[in-house]
Amino acid sequence: MHESFFRYQNFFWLKVAIALSAVSIALYAWHTPSVVANGGTWLGYTLGTVAAVLIVWLAWFGARKRDYSSSSSKISGWLSAHVYLGLALIVVATLHTGFQFGWNVHTLAYGLMIVVIVSGMYGIYLYAMLPGRLASNRQGMTREQMLDEIRDLDETALGLADQIDSRVHEVILRSVEKPGVMLSFWQQLTAGKLGKDPLDSAERFLRGYQNDLVDATLFLDAQPQSGAQATMMYISNVMAGMEAEKVDKLRALMETVGRKKSLLKRTRRDVQLKALLQLWLFFHVPVSMALLAALLIHIISVFLYW
Amino acid sequence: MTEQFKIVIVGAGPAGLSAAGRAHELDIAYVLLESAPHLANTIYAYQKGKYVMAEPSVLPLRSPYEFAAGTRESILESWQQRSDQLDLNIRYRAEVTAIQGQQGQFTVSLQNGDQIAAENVVLSMGMQGNLRKLGAEGEDLPFVQYQLQDPDEFEDETIVIVGAGDSAIENALALAGQNNVYIVNRRDEFARAKERNVQLITKAIEDGVIDCFYSSSINRVEALVQASSNGEQGLLVLNTADGEATLEVHRIIARLGAIPPRKFLEACGIELPSADPSAVPAVDQYYQSNVAGLYVIGELSGAPLIKPSMNQGYEVIHAINGDPVAPVDEELLWDKLNQLVGVSNVKQALDLLQQGIAFLGSLTHMQMREFMLDSELIFPSPGTVIYQKNDYSDEFYSLFSGDVSLIANIDVPDQAMNLQPGEFFGEWSLISGRRRAETVTAGKNCVLLKTSRRAMRKLMLSVPDVQQEIDRIAVQRTLQHFLVPGVPPEMLEPYAQRSSIERFKPHDVIVHAGDAPDVFRLIRCGSAMVKRNLSGKDVVVSFLPVGSFIGEVPLLSEKPSRETVLATVNTETIRVDRDILIELMDQFPAVRSRLDMSVQETLRKEIQFANHPEAGDLVAFMMDQGIGEGTDVLMIDETLCVHCDNCETACADTHGGVSRLDREAGPSFAYLHIPTSCRHCEHPHCMTDCPPDAIHRATNGEVYIEDSCIGCGNCQSNCPYGVIQMGVVKENKTSLFSWLLFGKGNAPGSKDGDASQNDKANGSDKLAQESATPKIKKAVKCDMCKGLVGGAACVRACPTGAAIRLAPEKMVDLLRERNRRAS
């Protein structure tokens, strides 16, 4: 059955991580070195070695994930271990420092590690929260289907606009020509909330246009009526009837535009959610690489200046 | 002057060409007469680009002409070239109007008045020269046609297709894109055509792409005095169920099949065995009709396939020449049979097998030969395991001599059943498409006849006696397995005899709510779902896989059924009426405890569903997606899926760069997503029409396609779930690090089409390579990573645990889990 990486094998890796942290803390509390606690005591070296091995192993996840024909355990197990042991690393590495921080390459490595872990936590948050939202936002449609339907609605809107008048057609055409789903980084992340949307102005225009039409009709209705005048009124109402037909078309057009707008909103939301799910990795992974480099320098320099 | 030949061959189709070519090679005086201005008119009239099959694949070709599966164009071209090369004595536009005389002195009269003298005449004219017409007034009007070669020729026309067979459907579908198409079906459904075509046309009608007149016939066709504004030239009058209907049309295309030219044949003196218009002349083993010297080969002799017809052409010339050759399959068969003790020829060996194996008794010699081509004899040493319980293999075995033992329950070895020579086994998997129900071990001197699933199903379809005999034993064994384990199946014979097999199509009702509690059923193939009306709404309350009982609760409680039971896919049940079941319970008390267990399980399931009515909707959704016939389905939990597509990438990486699953495509319901990926159906649709028989099921259940795939695309169009693609598989993979550090090759798991910059830079080299070794597209589909140790790569590569593969019998667990989460 479906088993989230959080719950993998009944939280096996969470238990391992807690045990590791608990043992580290207990040792740290029990250990009373002759000097101030630091990475250079035997416990410091032990914790440092464990932390370094953990970091390398955590980074190895990226390679293991791509070894698709490997028959070792499932990737979800690896991710579970990656997450929980990564969190445990905060405890192990912090105790390794003995709380000795400074403006040096050692603390740089520690700082980078914390940055990687915090970005990982953000990733966990996203992985836990977004999939459900993404699915309910899609309402069973694929991205492709959403885009197809937007295209269909565009065509319907253009067809209707064409039947009203050229001004309306022009406005709708403008809203259709501009790409509805944005590609730039910020637009993806903000779901297009920044910047003007041609669809909004089209909608505003249509509303104004409709008001004008209705006003004209109301004006006709408001005329006092009697006898021969009423007959004349009746005839001009037939004229207004033609306007009324226009109003109907316009209403249909506005409905179409409205539907497109909501679908577009959902599509943008989809783009945003998918971008969020992926973009954090563009931070997490490069900083991990930087961490590996800093770690190497940290280890070499420690042994060089021993 | 009248010309004189030893052999006159009428009709330059596959059979006639082959005969003429052979006569040419043997230096016999012959002439080949063809009424059309070109060769092979039937194939010539095929739809443009049609892929022609070379069935049966095991049969060797014996002809001066080459023939392999390929497009209409390539086949016609190769035959034309060969004819030119041989400089065949062929006369085009030579329509034969009469054949008179007797052996040694036939006179063949042609339309243009010429007469040709012949010692022997070979009729190889097929039937397409005699197409069935509308049979109504106006059937010969110029806008009424009986063939369609190039559907692209017509655009924006109103076209009426008449007929309900494959060619009618294929024409209608091909034309519907750019024309307004109607189809006229005499019946109320499309029953004659291939399953896939039926699905396609039904869908096109549902979607409004094609309009269908069901239960309608042609009243008359009239030419319009003046073409209508849209250019329609004719008027079609139909008799429909609601009275007459008229349609203005550009064109009528009637695809009603062809029949033998009865009048002509009778005028030649040939007797037809029955008054049935489709009856073909009876011929002897050398294809000679009742008129000595007058031979009939090819479609007209009842051989509808191209390759056997070509072989007949070759053989008939030898027969006339006085040196008859043994049938082409003789050597193949002898290779299979020569290990049998005490036989000296194929006929003797086949006779022996037929005597030894009861259900083969009713086969004709020709049927037996065909059956043997698809079977093999095996001689396992004592103790060899033929197959294991829970394996997914699907071959069928007949015991010719020695013995085998069947153990259904490994924990109870003394319940082993020994089979006697003449009996068969393996029928359960053949019928149900499910795992083996027992382990079979060879005993002493064991000789087995092993037959492929495909051959066995074909035989059962074509010879009702075989189907009956296998069903007779299968019913006994199934009842024994599910109701009275441990009892010899023969003891159940009297009960089995009074049981019957019922077949249901998808969505057919098996039991109506309110039906009297007097029938018990056991599902032996397919599956069913149970619906109950809860406060006015039909709610699915249970799902019944193969081996489940239907009706045991009402029967034991003696109350009418409260539920409706529907077949989800093509389903077969064994029906046991109440009094028979009661007798059975009287004689074997074990039946009672089996039924009690089933009742408990049913009630438990129902309580589950009652607590979570939404689970019923989920079941209904899953049934719609073919889970009812699947054996292993990929399902994604949308609350866990982060859309990383690692599943697809893993699939592509482990399968030569072509992913066999499309994660995003496919429907979702209640956060459960079923991607477009193989369900490994119990009776795989893809297997139905595979010319090289390249699709098989491995012991773990995975349905896979072998390298022998010819890329015809039949499986792709037969799969109702759209999970088969045609792709070119790449051989080489690059390692992650050489890609990451040195930018070599494609990223791991990159798919066709996303070639990296490096490849683009070397584009010219690549093109040169490709044109040097053109690769054909082959069918690719999920094989459940059968070569990989850890199992399916898609599931193992999922980082969040969103992807799982599920067998339908585990579906209840899935629902239980989701219910738990919901509450």
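Caption draft 1: How the structure looks around the overall build of chain B. Helix and strand content of chain B: 25 helices and 41 strands. Accessible area of chain B: about 36,400 Å², with a carbon and sulfur share of 49%.

Caption draft 2: Here's a closer look at empty space enclosed by the protein. Applying the stated criterion across every chain yields a total of nine cavities of 30 Å³ or more. Computed from the structure, the largest cavity encloses a volume of approximately 160 Å³. If you trace the largest cavity, you find 15 residues lining it, with Arg138 of chain A together with Glu638, His643, Ser668 and His673 of chain B closest to the centre. Take the lining of the largest cavity: its biggest share by element is three residues, from helix α4 (residues 105-138) of chain A. Looking at side-chain class alone, the lining of the largest cavity contains five nonpolar, six polar and four charged residues.

Caption draft 3: Region of interest: the nonpolar core. Residue and element names in this part refer to chain A. Counting 41 residues, the largest nonpolar core has Leu89, Met113 and Leu277 as its most contacted members. For this core, the elements supplying multiple residues, two or more each, are α2 (42-65), α3 (75-97), α4 and α9 (227-304). With twelve residues, α3 is the single largest residue contributor to this core. Sequence-distant contacts of Met113, that is, excluding residues within four places in its chain, are made with Ile55, Leu89, Ala93 and Leu291.

Caption draft 4: Region of interest: the interface of chain B and chain A. Contacts between the two partners involve 43 residues from chain B, matched on the other side by 31 residues from chain A. Buried surface at the junction of chain B and chain A, both sides included, amounts to about 2,900 Å², of which 64% is carbon and sulfur. In this structure, Arg138 of chain A and Glu664 of chain B form a salt bridge, with 3.5 Å as the shortest nitrogen-oxygen distance. Remark: the boundary between chain B and chain A carries nine residue pairs in polar contact (both at pLDDT 80 or more).

Caption draft 5: Spotlight on the pattern of salt bridges. In the structure shown here, the tally under the stated rule is 40 salt bridges over all chains. Arg454 of chain B is paired through a salt bridge with Asp693 of chain B; the nearest N and O atoms lie 3.7 Å apart. Taken together, the residues span a long stretch of sequence, with Arg454 of chain B in helix α12 (residues 453-462) and Asp693 of chain B in the loop between β36 (672-673) and β37 (695-697) at a distance of 239 residues. With relative accessibility at 28%, the residue Arg454 of chain B sits in the partly exposed group. Shared partners join several salt bridges into a network, and the residues in it are Arg138, Arg143 and Asp270 of chain A together with Asp645, Arg663 and Glu664 of chain B.

Caption draft 6: Spatial organisation of a negative patch on the surface. Residues and elements named next belong to chain B. The grouping of Asp152, Glu153, Glu155 and Asp156 at the surface amounts to a negative patch. Along the chain, Asp152 turns up in the loop between β9 (144-145) and β10 (158-162). Take Asp152: its relative accessible area is 54%, and that puts it in the exposed class.

Conventions and cut-offs
- Residues numbered from 1 in each chain as written.
- Chains lettered and ligands numbered in written order.
- Predicted model: local features only at pLDDT ≥ 70, side-chain atom pairs only at ≥ 80, totals over all residues.
- Heavy atoms only, no water.
- Helix = DSSP H or I, 4+ residues; strand = E, 2+ residues; numbered from the N terminus.
- Areas by Shrake-Rupley, 256 points an atom, 1.4 Å probe, with all protein chains shown as cover.
- 1 Å grid on protein atoms, 1.4 Å probe; cavity = no way out; pocket = protein on both sides within 12 Å on 5 of 7 lines; lining within 4 Å.
- Points joined across faces, edges and corners; volume = space filled by probe spheres on them.
- Nonpolar A, V, L, I, M, F, W, Y, C, P; charged D, E, K, R; others polar.
- Core = buried A, V, L, I, M, F, W, Y, C linked by side-chain atoms within 4.5 Å.
- Buried < 20%, exposed > 50% of the residue type's maximum accessible area, 1.4 Å probe, protein only.
- Contact = heavy atoms within 4.5 Å.
- Buried area = accessible area lost by both parts, 1.4 Å probe.
- Salt bridge = Lys/Arg side-chain N within 4 Å of Asp/Glu carboxyl O.
- Polar contact = N/O pair within 3.5 Å; in protein donor to acceptor, adjacent residues only side chain to side chain.
- Patch = residues over 30% accessible without salt bridge, like charges linked within 9 Å, V, L, I, M, F, W, Y side chains within 5 Å.
- Lys, Arg positive; Asp, Glu negative; His and termini not counted.
- Charge placed at Lys NZ, Arg CZ, Asp CG, Glu CD.

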